[in-house]
Amino acid sequence: MAPANETPGTKEQVGVDVEAIIIGAGIGGLRALWELRSRGISSKVLEKGSNVGGTWYWNRYPGARTDSESWVYCYSFDKDLLQEWDWKERFPTQSEMQAYLEHVADRHDMRKDITFGVTVTSAIFDENANVWTVTTDAGATYTSRYVVAATGQLGIQHFPVEGVENFKGIAYHSSSWPEEPVSFEGKRVAVIGTGATGIQIIPLVAQEAGSLTVFQRTPNFVMPARNYVLTDTHRAAIKRDYDDVWAKVSEQPFGMAFDPVNRVLGDTEPASRNQVLEAGWEAGGFRYIFETFDDLLTDEECNAAASEFVRNKIRAIVKDPVTAELLCPTDHPVGGKRVPLGHFYYETFNRANVSLVDVNSNPIERFTENGLMTADGELEFDVVIIATGFDAVSGALTHMDVRGRQGLSMKERWADGAESFMGVMVDRFPNFFTILGPQGPFSNNPPVIEHQAEWIGKVITYCEQQGIAAEVSTETVESWYRIAKEAFDSTVLGAGEQAHSWYLGANIPGKAHRILYWFGGSPAYNDMLDRTEEAGFHLIGARQAAPVA
Ligand code: NAP
């Protein structure tokens, strides 16, 4: 393929080290590498970790496992692998996911194109030469025509408690957990944060620790995961019907292989509404959200019924009524914050060694030598687990020095809130792509990644053929944001903002709030993304440029 890609108005063509630099070797980076390679685009992956895996490499805290069912939380591009890989459980553990991604990398001989242990510090676009220069913390620089940022949505830690350097015990953020096992035997342990991460950690640590103190700010609606070990029969059925499984994934709004419900609360006899919710609760995982009522996320009455049902479950499970009420979310609708899956989460609060601290009435002030200073006084701990989340979606690129046209940094571009065209391109950053960027679908990630990586591959091929740059206008980005906002406004999820929802940018003090996802369903998103091809992908230089949608 021709190495040169000429921006309109740019005559100079400069050689590059490699046609595409991919940042990150997680699910997105590996898939992008496969896609670009298969199109003959020379690519190099730069990865901070010492191995592939991305989020699954870093998040090796106790209890880490997927919240999507194994048979759809994987790649679909390698049909042989789908038949060969034997998932062990409904929700695979971190180590199983890590083993899977390592296997994919080895199977496709990907490591030869990956440099491990390097952090990309900057990516700077030279408008005259039409070249990106990517620099790592090791001081190496690489030039490329294209950059694909597969930097993940949840990699930049939020660590809101000060003074950790004074603490004499052990303190880990959930996403920088050591590789060797951490013993909690007989220890006084604190967990700060009750998002999807804390909720996976808490039940396991409680079984081992001498005492466990959970610091909660906003209670969540925690669905029982109801994990199970897959039998040979179940695995065989999935493999036999894999085409149907992926067909369901492509039709289900959140990319899960769930059957359509075709039922709304208003059309359901009041007497049977609880039965429907009970069946969803018993089915486990996200099935409560997606296999009960189609209007659960869009109709206030339906959501209120589903929310109250969960609160009643909490009250039934947790024996101490004061603790039960503290665990009941009241400030946001179910789904208003990303729903976590629990593995006997609420049951854990019935243990004698577990206590719950409401940081709204007793805020954490700072670390001390011996533990944490709270408004009510000092609490002593041997281990403090920080499960306080991430500067989500946009953080990876605002913490890196990424500069597009006229030296504009991504931090500046996103100062008023992160926006992109369909999660894949940002205006004024030519030939720069994102995987899982802002306003991409809120959905099971691997199918989204696959769709976006394929699209990026198509766009690069098209640009090479047409001799144009891959660049969208600010108007195109803003137009997509308006469409995404309209979709979001048709849900009941807006109340998540007051509950610090990270998918609204509301969890990081000072971060501009933005709807960071497309909530209109992945089928509609995929369709619109596919249809961009008819309009020259909405690229500025394309001959048939046309308005979005
Ligand atoms: P998170 O959802 O942002 O939760 C962070 C927790 O820390 C919240 O409970 C938050 O309270 C609390 N917190 C933040 N700042 C605090 C402060 N200053 N004082 C006290 N508490 C504070 O982060 P996460 O649990 O790491 O999960 C992030 C996302 O990662 C999930 O939503 C999910 O998408 C993904 N994840 C996925 C899986 C999986 O699929 N298996 C597992 C884990 C995580 P507020 O709620 O009040 O902000």
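If you're wondering where the values come from, they're calculated on a predicted model, not measured in any experiment.

Across its full length, the protein chain holds 17 helices and 20 strands. The C-alpha radius of gyration of the protein chain comes to 24 Å, within 12% of the 24 Å expected for a compact globule of 549 residues. Considered along the principal axes of its C-alpha atoms, the protein chain spans approximately 75 × 60 × 45 Å. Considering the protein chain as a whole, with its 549 residues, one finds that 60% of them fall into the buried category.

Before going further, it helps to spend a moment on the site of the ligand. In the neighbourhood of the ligand, 24 residues make up the surrounding shell, with Arg-65, Thr-197, Arg-217, Thr-218 and Trp-502 lying closest. Within the backbone of Arg-65, an N or O atom sits 2.5 Å from a nitrogen atom of the ligand. Separating an oxygen atom of the ligand from a side-chain N or O atom of Arg-217 is a distance of 2.8 Å. Protein chains shield 88% of the accessible area of the ligand, which is 900 Å² for the free molecule. Across the shell around the ligand, the residue classes tally to eight nonpolar, 11 polar and five charged.

In the structure shown here, the tally under the stated rule is 41 salt bridges. The partner of Asp-401 in a salt bridge is Arg-403, and the shortest N-O contact between them spans 2.8 Å. Connected via shared salt-bridge partners are Arg-31, Glu-35, Arg-39, Glu-450 and Glu-454.

Further remarks concern the side chain of Asn-445. By the element assignment, Asn-445 lies in helix H15 (residues 445-466). When its relative accessible area of 19% is taken as the criterion, Asn-445 is described as buried. Excluding its chain neighbours within four sequence positions, the residues that come into contact with Asn-445 are Gln-153 and Leu-436.

A few words now on the layout of surface pockets. Roughly 420 Å³ of internal volume is contained in the second largest pocket. In terms of lining, the second largest pocket is formed by 21 residues, of which the most central are Gln-252, Pro-253, Phe-254, Phe-290 and Asp-294. Counting residues per element, the ones that place at least two in the lining of the second largest pocket are helix H7 (242-251) and helix H9 (287-290). Among the residues forming the lining of the second largest pocket, the class breakdown is 12 nonpolar, five polar and four charged.

Parameters at a glance
- Position numbers for residues count from 1 along each chain, tracking the sequence in the order it is written.
- Given that the model is predicted, a residue must reach a pLDDT of at least 70 before its local features are reported, and side-chain atom pairs must reach 80 or more before they are shown or counted; all residues, however, enter totals for whole chains, interfaces and linings.
- With hydrogens and water stripped out, all remaining heavy atoms of the structure feed into the side-chain values.
- Runs of H or I in DSSP of at least four residues are treated as helices and runs of E of at least two as strands, each being numbered from the N terminus.
- To get the radius of gyration, use the C-alpha atoms; to get the globule rule, take the number of residues to the power 0.38 and multiply by 2.2 Å.
- For each residue, the accessible area found with a 1.4 Å probe, counting protein chains only, is set against the maximum for its type, and the residue is called buried under 20%, exposed over 50%, and partly exposed in between.
- Being near a molecule or strand, for a residue, means having at least one of its heavy atoms within 4 Å of it.
- Any pair of N or O atoms that falls within 3.5 Å is considered a polar contact. Within protein, one atom must be able to donate a hydrogen and the other to accept it, and sequence-neighbouring residues count only if both atoms are side-chain atoms.
- With residues, only the protein chains shown are counted as cover, and all accessible areas are computed by Shrake-Rupley using a 1.4 Å probe.
- Under the grouping applied here, Gly and all other residues not named as nonpolar or charged are polar, the nonpolar ones being Ala, Val, Leu, Ile, Met, Phe, Trp, Tyr, Cys and Pro and the charged ones Asp, Glu, Lys and Arg.
- Salt bridges are defined by distance alone: a side-chain nitrogen of Lys or Arg within 4 Å of a carboxyl oxygen of Asp or Glu.
- In this description, contact between two residues means that some pair of their heavy atoms is separated by no more than 4.5 Å.
- Detection works on a 1 Å grid of protein atoms alone, calling trapped sets that fit a 1.4 Å probe cavities and calling open sets with protein on both sides within 12 Å along at least five of seven lines pockets, with lining residues defined by an atom within 4 Å of a point.
- Grid points are joined across faces, edges and corners, and a volume is the space filled by probe spheres set on the points.

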